[in-house]
Amino acid sequence: MSVPTLAICTECTALPDDRNYEGPTSPDSLFDEVMSGVSDSGPGEIPNFKHKHSSEAIIAYRKAPPIPGLFFDPELRLPAELADDVLKKIMDAYFQNENVNQIMLFGRAKDAATISADGQDVLGSSDDSGLPPFLQSLLVQLEKVLKPVLPHATYHLLFPPSSEPARARQAIINLYRPGEGISPHVDLLRRFGDGIIGVSLGSGCVMNFRRECEETRVAVPKTAQNLDSGLAKDGQRGRWDLYLPERSVLVLSDEARYQWTHGIEKRLGDSVRDDEDSVDGEEWMERDVRLSVTFRWLLPGADVVGDEDV
Ligand SMILES: O=C(O)CCC(=O)C(=O)O
Ligand SMILES: [Fe+2]
C-alpha cells in the first residue's frame, strides 16, 4: 500500500459579518450546534476591563485544572527558535490577507508502507505526509517533548506506532487578534477522534473549560452558581480557566475532549494567578496576536471537507 497523495486543503474562511463573531470562524470545531449564551457583544464591544460580566470574575490559573484527560504543564514550552519559525512561516503563507483568520490543512500519518526494510521510519515517526514541512517539524518536536510527560496511552493516541494503519490528521490554524475569542464548544464528535493537541504561538490567552450536562449534552449553563463560585450542583467545579502562555502545549483527551467544552472569551487581556492556593495577587496579561495550531485525528470517512453529515 502506498502513502496516499498529498491532501493539502487551504480552505480559508473569511470573517463573517454578524454580531456573534468572536474571532476565528470554526465550523469544523463546533459541536453539532453552537452553544447558546456565549457571545453577548459584537466585535465592536470588546470588554476591556476585568469584572464587567460575572464570567469575568473567574480568575484563570497557570496550573492545569484537574480535568481527566487534560494535560498541560505551564513549564513545558516549545523552543523559541522553532516557535518563531513556525509562526513566521504560517503568517507568511496563510495570513497575508487580513480577512483570513482560519486555515485547515490535512495530512496523513505514515503507516507501515513508509517504513524501510530494516524497520526504520523513512519519514520520521511524526512525518505527516501532506502537511507543510514546518508543521511536520512542529509535530516531531511535539512528539519529543510530550513523550516524557504524557501517560503512555495518551502518547500512543497522539503518536501511534507506525505498525498501526495510517490515519488522516487535520491541522487547524486560528488567528486571534486581541479582543477575539472562540465560542465554547466540543470539537465535532462525528468528525474528529480522541486526542487533540493545541499549541499557542505569539501570545498567551485564557482558555475556559465548562463541564457539559451529561443528559442534555449542552454546556453547563452560565448561572451564578456555576460561574461565580465555579461550582456545579454536585459540588465539583463546572468551570476552570487556564492560562495558555505563548509556546505552550495543551492536550485534550477522554473526558476533557468529550465532556467539557473549551472556549476563549473575547478580551484584550486576562487576570491570571498561579493556582487556587496562590497567595500572590493576580497578574493582568495583555493579549497580543495569537496563533493556535490544533492537531486532531479525522475519523474514518470524515476526511471529506465540508461534509457535515459524516
Ligand atoms: O485557539 C485555540 O487554542 C483553540 C481552537 C479550537 O478550539 C478549535 O479550533 O477547535
Ligand atoms: Fe476546539
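These figures come from a predicted structure and were not determined experimentally.

Chemist: Explanation requested: the coordination of the iron ion (ligand 2) in the structure shown.
Modeler: Ideal geometry at a metal centre: 109.5 degrees between donors when four sit tetrahedrally, and 90 or 180 degrees when six sit octahedrally. The protein atoms that coordinate the iron ion (ligand 2) are His 185 (NE2), Asp 187 (OD) and His 262 (NE2), at distances spanning 2.1 Å. Mapped onto the sequence, the residues coordinating the iron ion (ligand 2) show the spacing H-x1-D-x74-H. When sorted by exposure, His 185 lands in the same class as Asp 187, which is buried.

Chemist: Got a minute to help me understand a negative patch on the surface in this structure?
Modeler: Residues Glu 81, Asp 84, Glu 246 and Asp 288 make up a contiguous surface patch of negative charge. Residue Glu 81 is classed as exposed on the basis of its relative accessible area of 72%.

Chemist: What's the story with unusual backbone geometry in this structure? I'm lost.
Modeler: Excluding glycine, most residues fall at negative phi; most peptide bonds, likewise, are trans. Phi at Arg 247 takes a positive value of approximately 75°, unusual for a residue other than glycine. Mapping Arg 247 onto the fold places it in the loop between strand E8 (239-244) and strand E9 (248-252). Despite not being glycine, Asp 254 shows a phi value in the positive range, around 50°. With respect to the element layout, Asp 254 can be found in helix H5 (residues 254-258).

Chemist: Whenever I open this one, the environment of Glu 282 confuses me. Can you help?
Modeler: Relative to the helices and strands, Glu 282 is located in the loop between strand E11 (269-273) and strand E12 (283-286). Overall, the relative accessible area of 38% leaves Glu 282 in the partly exposed class. Between the alpha carbons of Glu 282 and Ile 59 there is a distance of 7.9 Å; along the sequence they are 223 residues apart. In this structure Glu 282 touches Ile 59, Ser 271, Val 272 and Arg 273, once residues within four positions along its chain are discounted. A polar side-chain atom of Glu 282 sits 3.3 Å from a polar atom in the side chain of Ser 271.

Chemist: Help me out: how do you make sense of the confidence of the model for the chain in this one?
Modeler: Low pLDDT means the predicted coordinates in that region are not meant to be read closely. Of all residues in the chain, 65% have pLDDT values of 70 or greater, and the mean over the chain is 77. Every residue in residues 112-125 scores below 50 in pLDDT, and together they form 19 contacts with partners more than four places removed in sequence or on other chains. In this model, residues 223-229 is a region of pLDDT below 50 whose contacts with residues beyond four sequence positions or in other chains number 16 contacts.

Chemist: Honestly, the nonpolar core in this entry has me stumped. Any pointers?
Modeler: Nonpolar side chains tend to gather and get buried jointly when the protein is soluble and globular. Counting residues in each nonpolar core, the largest one holds 34 residues, and the members touching the most others are Ile 90, Leu 135, Leu 142, Leu 146, Ile 173 and Phe 295. At the level of secondary structure, the elements contributing two or more residues to this core comprise helix H1 (80-94), strand E3 (102-108), helix H2 (133-146), helix H3 (152-158), strand E4 (168-176), strand E6 (196-201), E9 and strand E13 (290-297). Per element, the largest residue contribution to this core is seven residues, and it comes from H2. In this view, Ile 173 contacts Ile 90, Tyr 94, Phe 95, Asn 101, Gln 102, Ile 103, Leu 105, Leu 135, Leu 291, Ser 292 and Val 293; residues no more than four positions away in its chain are not counted. Counting residues in hydrophobic clusters, the runner-up holds 18 residues, among them Ile 67, Phe 209, Trp 240 and Leu 250.

Reading the values: the criteria
Residues numbered from 1 in each chain as written. Chains lettered and ligands numbered in written order. Predicted model: local features only at pLDDT ≥ 70, side-chain atom pairs only at ≥ 80, totals over all residues. Heavy atoms only, no water. Donors = N, O, S within 2.8 Å, 3.2 Å for Na, K, Ca; no water. Buried < 20%, exposed > 50% of the residue type's maximum accessible area, 1.4 Å probe, protein only. Patch = residues over 30% accessible without salt bridge, like charges linked within 9 Å, V, L, I, M, F, W, Y side chains within 5 Å. Areas by Shrake-Rupley, 256 points an atom, 1.4 Å probe, with all protein chains shown as cover. Salt bridge = Lys/Arg side-chain N within 4 Å of Asp/Glu carboxyl O. Lys, Arg positive; Asp, Glu negative; His and termini not counted. Charge placed at Lys NZ, Arg CZ, Asp CG, Glu CD. Helix = DSSP H or I, 4+ residues; strand = E, 2+ residues; numbered from the N terminus. Contact = heavy atoms within 4.5 Å. Polar contact = N/O pair within 3.5 Å; in protein donor to acceptor, adjacent residues only side chain to side chain. pLDDT = per-residue confidence, 0-100. Core = buried A, V, L, I, M, F, W, Y, C linked by side-chain atoms within 4.5 Å.

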